[in-house]
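# Observations on chain architecture
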Amino acid sequence: EAQVTQNPRYLITVTGKKLTVTCSQNMNHEYMSWYRQDPGLGLRQIYYSMNVEVTDKGDVPEGYKVSRKEKRNFPLILESPSPNQTSLYFCASSSGYYNEQFFGPGTRLTVL
Amino acid sequence: TQLLEQSPQFLSIQEGENLTVYCNSSSVFSSLQWYRQEPGEGPVLLVTVVTGGEVKKLKRLTFQFGDARKDSSLHITAAQPGDTGLYLCAGALHYGGATNKLIFGTGTLLAVQP
């Protein structure tokens, strides 16, 4: 089954404690993205990757890091989380000219 | 900053009613996508419209791309409780290269009461 998986689905942590949210896709897509979803603000792109070892900032990259060492994986790293990073995070993969997104199930992060 | 405004933000209707959701921008998009997101899940692509004036139908859902490719609408006929969810539009901007940047709207939360 074609899918994007994320782990963990839920995470409560404290300010400053480094964390990683994993993302994996099995569709051999070249393009992957991370989004955060906040009430009233919609989906905003954090980082994206157009292929292995090729990453670039999206609209809200501050406080986040990513890596793309393998085509299928695209982890999101928060080196020093802060409360304003409390949000619902989605990983997505896509291919093709229209960049149609296949989203993962989401990770709800709370930073205390 | 490109903006994609959706209206209404919230909509609560009775089963069997018709409704229309609008997605508007001052930007011209190369294509426009509609997604539906159910609670606890990620958005799922419903349709992509590409040509100005294009109309696509998906069962009881009708999607239209504006002639100038700046706006789109989603019309649901005879809504059912299973249509409940957050509807998101996403406009694609072509900056060159092999793919497009997506700009997401803020969403329309639809609740269909039995």
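This section reports on the structure supplied with the text. Note that the structure is a prediction, hence the values are computed from the model and not measured.

The rules we used
Residues numbered from 1 in each chain as written. Chains lettered and ligands numbered in written order. Predicted model: local features only at pLDDT ≥ 70, side-chain atom pairs only at ≥ 80, totals over all residues. Heavy atoms only, no water. Helix = DSSP H or I, 4+ residues; strand = E, 2+ residues; numbered from the N terminus. Rg over C-alpha atoms; globule rule 2.2 N^0.38 Å. Buried < 20%, exposed > 50% of the residue type's maximum accessible area, 1.4 Å probe, protein only. Contact = heavy atoms within 4.5 Å. Areas by Shrake-Rupley, 256 points an atom, 1.4 Å probe, with all protein chains shown as cover. Lys, Arg positive; Asp, Glu negative; His and termini not counted. Charge placed at Lys NZ, Arg CZ, Asp CG, Glu CD. Salt bridge = Lys/Arg side-chain N within 4 Å of Asp/Glu carboxyl O. Polar contact = N/O pair within 3.5 Å; in protein donor to acceptor, adjacent residues only side chain to side chain. Nonpolar A, V, L, I, M, F, W, Y, C, P; charged D, E, K, R; others polar.

## Focus: the overall build of chain B
Helix and strand content of chain B: 0 helices and 11 strands. Helices and strands in chain B line up, N terminus first, as β-β-β-β-β-β-β-β-β-β-β. Relative to a compact globule of 114 residues, whose C-alpha radius of gyration would be 13 Å, chain B shows 14 Å and is just as compact. Dimensions along the principal axes, computed over C-alpha positions, put chain B at roughly 45 × 30 × 20 Å. For chain B, the residues scored as buried account for 47% of the 114 residues in total. If you take every contact in chain B between residues at least 6 apart in sequence, the share linking residues at least 24 apart comes to 54%. Surface exposure of chain B reaches about 5300 Å², of which carbon and sulfur atoms provide 52%. Where the 8 positive side-chain charges of chain B centre and where its 9 negative ones centre are 8 Å apart.

## Concerning the overall build of chain A
When helices and strands are counted, chain A shows 0 helices and 11 strands. A compact globule built from 112 residues would reach a C-alpha radius of gyration of about 13 Å, and chain A, at 13 Å, matches this within 12%. Its C-alpha atoms give chain A principal-axis dimensions of about 40 × 30 × 25 Å. Here chain A, with 112 residues, has 49% of them falling under the buried criterion.

## Some details on the interface of chain B and chain A
Put simply, an interface is often sized by how much accessible area is lost when its parts join up. Chain B puts 22 residues into the contact, and the matching count from chain A is 22 residues. Counting across the chain B and chain A interface gives 1 salt bridge. For B:Lys101, the salt bridge is made with A:Asp59, and the minimal N-O distance between the two is 3.3 Å. Our count for the contact surface shared by chain B and chain A stands at 7 residue pairs in polar contact (both at pLDDT 80 or more). When contributions to the side of chain B that touches chain A are tallied by element, the ones reaching two or more residues are strand 4 (31-37), strand 5 (44-49), strand 9 (85-93) and strand 10 (101-104) of chain B. Counting residues per element, the side of chain B that touches chain A draws most heavily on strand 4 of chain B, at 4 residues. Across the side of chain B that touches chain A, the residue classes tally to 9 nonpolar, 11 polar and 2 charged.

## With respect to the pattern of salt bridges
Residues and elements named next belong to chain B. In total, this model carries 8 salt bridges over all chains according to the counting rule given. For Glu38, the salt bridge identified is with Arg36, shortest N-O distance 4.0 Å. According to the relative accessible area criterion, Glu38 is partly exposed, its value standing at 33%. Salt-bridge contacts for Asp83 lead to Arg60; the nearest nitrogen and oxygen are separated by 2.8 Å. One end of the pair, Asp83, is in the loop between strand 8 (71-76) and strand 9; the other, Arg60, is in the loop between strand 6 (55-58) and strand 7 (61-65), and 23 residues separate them in sequence.

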